[in-house]
Amino acid sequence: TRVPAPKNKLVSSKLYPNPAREYISFDFDVREEQGFSFYIYDMQGKLVDKVTDQLCHEGENTIRFNIASLASGKYVLKAKGVKGESMPSKIFERK
């Protein structure tokens, strides 16, 4: 059972597979359609890549990221909405 979230907030999210070699998928729900920018940071907080700008529709969304060019290690996926919302950061490992 999903718990309702305040409008414009992320409801739920999942990043898989983790660890991964070439691609990761990010499933998430949003309450209102808006654009999001997705960024990958290393564990020291340095921006590694701005991977995409994506219009995310109300409800369920899935975005697939190519991570094959990243060196092996742990990274953080962050997303920021054009309306100022941020999704919780997700840590993943590139094998």
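Structure first, text after, so check above.
As the structure is a computational prediction, the values presented were derived from the model and not from experiment.

**Student:** Mind showing me how you'd approach the packing of aromatic side chains here?
**Tutor:** Two aromatic rings are characterised by how far apart their centres lie and by the angle between their planes. In this structure the tally under the stated criterion is 7 aromatic pairs. Counting every residue linked through ring pairs, the aromatic cluster contains Phe26, Phe28, Phe36, Phe38 and Phe65. Positioned above the aromatic ring of Tyr23, the side-chain terminus of Arg64 is 3.8 Å from the ring centre. Lys78 extends its terminal NZ or CZ atom over the ring of Tyr41, reaching a point 4.8 Å from the ring centre.

**Student:** When you look at the pattern of salt bridges in this model, what are you seeing that I'm missing?
**Tutor:** Opposite charge on two side chains permits pairing when their charged atoms draw close. What the rule picks out here adds up to 2 salt bridges. Put simply, Glu32 and Lys83 hold a salt bridge, and the shortest N to O gap is 2.5 Å. One end of the pair, Glu32, is in the loop between strand S2 (23–30) and strand S3 (34–42); the other, Lys83, is in the loop between strand S6 (73–81) and strand S7 (86–94), and 51 residues separate them in sequence. Judged by its relative accessible area of 43%, Lys83 falls in the partly exposed class. For Lys50, the salt bridge goes to Asp53, with nearest N and O atoms at 3.3 Å.

The rules behind the values
- Positions within a chain are numbered from 1, following the residues in the order the chain's sequence is written.
- Residues qualify for local features only when their pLDDT is at least 70, as the model is predicted, and side-chain atom pairs are given and counted only at 80 or more; totals for whole chains, interfaces and linings, by contrast, use all residues.
- Excluding hydrogens and water, the side-chain figures rest on all heavy atoms present in the structure.
- In this scheme Phe, Tyr and Trp rings, the latter by its six-membered ring, pair at centre separations within 6.5 Å, and the angle between planes marks the pair as stacked below 30 degrees, edge-to-face above 60, and tilted otherwise.
- Placement of a positive charge over a ring is assigned whenever Lys NZ or Arg CZ falls within 6 Å of the ring centre and within 35 degrees of the normal to the ring plane.
- For this analysis, a salt bridge means a side-chain nitrogen from Lys or Arg found within 4 Å of a carboxyl oxygen belonging to Asp or Glu.
- Under the scheme used here, helices are H or I runs from DSSP no shorter than 4 residues and strands are E runs no shorter than 2 residues, and both carry numbers assigned from the N terminus.
- Residue burial is assigned from relative accessible area. The probe radius is 1.4 Å, only protein chains are included, and a residue is buried under 20% of its type maximum, exposed over 50%, and partly exposed in between.

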